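Survey of secondary and tertiary structure
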Amino acid sequence: MHNLNIQPITLPGLELKRPIIISGPCSAETEEQTLATAKELAAQGVKIFRAGIWKPRTRPGAFEGVGTVGLPWLKRVKEETGMFVGVEVATAHHVYEAVKFGIDLVWIGARTSANPFAVQEVADAIKGMDIPVLIKNPVNPDLELWIGAIERINRAGITQIAAIHRGFSSYDQSEFRNHPQWQIPIELRRRIPELPIITDPSHIAGRRDLLAEISQEALDLNFDGLIIESHTCPDKAWSDAKQQITPLALKDMLDNLVLRRPKIGEDTPRVTLDELRKKIDKLDDQLLDLLKERMSISEAIGKYKFDNNITILQTRRYDEIMNNRRQRGTNRGLDEEFITRIFESIHEESISRQSQIMNKAQTKK
Ligand SMILES: C=C(O[C@@H]1C=C(C(=O)O)C=C[C@H]1O)C(=O)O
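Owing to the predicted nature of the structure, the values given are computational and were not obtained by experimental measurement.

This next bit is on the overall build of the chain. From N to C terminus, the chain includes 13 helices and eight strands. Expressed along its principal axes, the backbone C-alpha trace of the chain runs to roughly 75 × 50 × 40 Å.

Shown next, in the form of structure tokens:
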């Protein structure tokens, strides 16, 4: 069990129903663009507006946000549309400025949540304030670091906390800008069940054509909301142009999402589900038996290699196996990346078993 005190987010006068929708431009660029986007979103029923004021950019020279001058624009958004407004904060100064201008909620970005000093600075600044704080996953796939950031904010007395899952950086080429690694937010849900998790399809996808698919997956995993970037003229956006959509496109996408029931109710036909689950149990048992057998063969190979003074890693054989298993997997309609991950993991364990065998044999010598 964790020792966090997480309370539901309450925004006065707003009933937060699943899915919570937060939208707005990546960056507040001009007063006109900010207000125009907000008004269109409000017309589509969006209640929580986001806009970046301070933007951490990978390389210097890119548009780094308008800074404090943008905060009065957000104040106008509140006054003229009735929406709640949120910004990203990364320093104590950002926190003080945001609160001064009546910002309703703040979030900690992925680059900040990766840095405990920075998170602590924000936590110290926010101490004693009653404001919801959303915490994005750190850029690196480290669940403990994410939970650590949540703990730091919670220890500052903030109880209205939600997590934002925006995916994880990786060096590999992939169709995603940030790999979703769904198992990480799933594990977060298991560890802190009452913590709302909001998915950020814009940053996971990095391009607008994947937003619907990722949003649907998030809902089917029973996450609580979506934060999606929108702009009146997405292609002209000063930052993240490829992943933004118009407020109208957002509404259209949201209308097409299917909201499935999170609980298996009394009325759902249980016989079929029980039968299917039994089949899964049996197959998983077989998978485990097979893995056990495969590892004992690896150990025998380890012994053979020790006796014959051969290195454990055999890249040519490993390559052959990977190509062959990917091919055989895709022939069966299995996803190539999935097969790759499984066999990489099996290989890693196989190597580790063989090293153990070798080390043991060596010390006996
Ligand atoms: C088991 C072996 O050792 C290593 C592990 C492999 C595996 O588990 O499939 C394949 C190649 C080697 O890197 C082997 O050489 O066959």
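Of all the residues in helix α3 (residues 92-100), the buried ones are H94, V95 and A98. Seen end-on, α3 carries its buried residues on one side only, within an arc spanning 100 degrees. At its buried positions, α3 is contacted by α2 (71-81), β3 (84-88), β4 (105-108) and α5 (116-126). Phi for G102, located one or two positions after α3, is positive at around 75 degrees.

A few words now on the sheet that holds strand β7 (residues 197-199). Reading around the barrel, the eight strands line up as β1-β2-β3-β4-β5-β6-β7-β8 and close back on themselves, with parallel pairing between neighbours. Each adjacent strand pair in this sheet contributes to an overall mean axis angle of 25 degrees, direction not counted. In this sheet, strand β5 (residues 133-136) lies alongside β4 in parallel orientation, the contact comprising three bridges. Bridging from a neighbouring strand, W107 pairs with L134 of β5.

Structurally, the chain comprises domain 1 (20-255) and domain 2 (270-364). If you average the C-alpha positions of domain 1 and of domain 2, the two centres end up 39 Å apart.

Looking now at the nonpolar core. Grouped together as the largest cluster of nonpolar side chains are 61 residues, with contacts concentrated most on F49, L74, V106, V133, I135, A162 and I198. Apart from the residues lying within four places of it in its own chain, the contact partners of I135 are W107, I108, S113, A149, I150, I153, I161, A163 and I164.

Turning our attention to the pairing of β3. In terms of burial, β3 is largely enclosed, as five of its five residues are buried. The two faces of β3 match: F84, G86 and E88 on one face and V85 and V87 on the other face are all buried. For strand β2 (residues 48-50) and β3, the ladder comprises three bridges, and the chain directions are parallel. When the sheet's bridge partners are listed, R50 is paired in β3 with G86. Read as a crossover between parallel neighbours, the route from β2 over α2 to β3 is right-handed. As defined by bridge partners, β3 adjoins β4 across three bridges and the pair is classed as parallel. For G86, the partnering residue across the bridge sits in β4 and is L105. Following the backbone out of β3, through α3 and into the adjacent parallel β4, one traces a crossover that is right-handed.

A few words on the site of the ligand. All residues in the neighbourhood of the ligand are listed as S298, I301, I312, L313, Q314, R317, Y318, I321, H347, S350, I351 and Q354. Listing elements by their share of the shell around the ligand, those giving two or more residues are α11 (270-308), α12 (315-331) and α13 (336-364). At four residues, α13 tops the list of elements feeding residues into the shell around the ligand. The class makeup of the residues in the shell around the ligand is six nonpolar, five polar and one charged.

Positionally, D220 belongs in helix α9 (residues 211-220). Along the backbone, D220 and P262 are 42 residues apart, and their C-alpha atoms lie at a distance of 8.3 Å.

Reading the values: rules and limits
Residues numbered from 1 in each chain as written. Predicted model: local features only at pLDDT ≥ 70, side-chain atom pairs only at ≥ 80, totals over all residues. Helix = DSSP H or I, 4+ residues; strand = E, 2+ residues; numbered from the N terminus. Buried ≥ 20, exposed ≤ 12 C-beta atoms within 10 Å, placed from the backbone. Arc of directions from axis to C-beta. Contact = placed C-beta atoms within 7 Å. Pairing = 2+ DSSP bridges. Axes fitted to C-alpha atoms, helices over the stretch in contact; angles between N-to-C directions. Domains from an automatic or database assignment. Core = buried A, V, L, I, M, F, W, Y, C linked by C-beta atoms within 7 Å. Right-handed = clockwise from strand over helix to strand, strands pointing away. Near = placed C-beta within 6 Å. Nonpolar A, V, L, I, M, F, W, Y, C, P; charged D, E, K, R; others polar.

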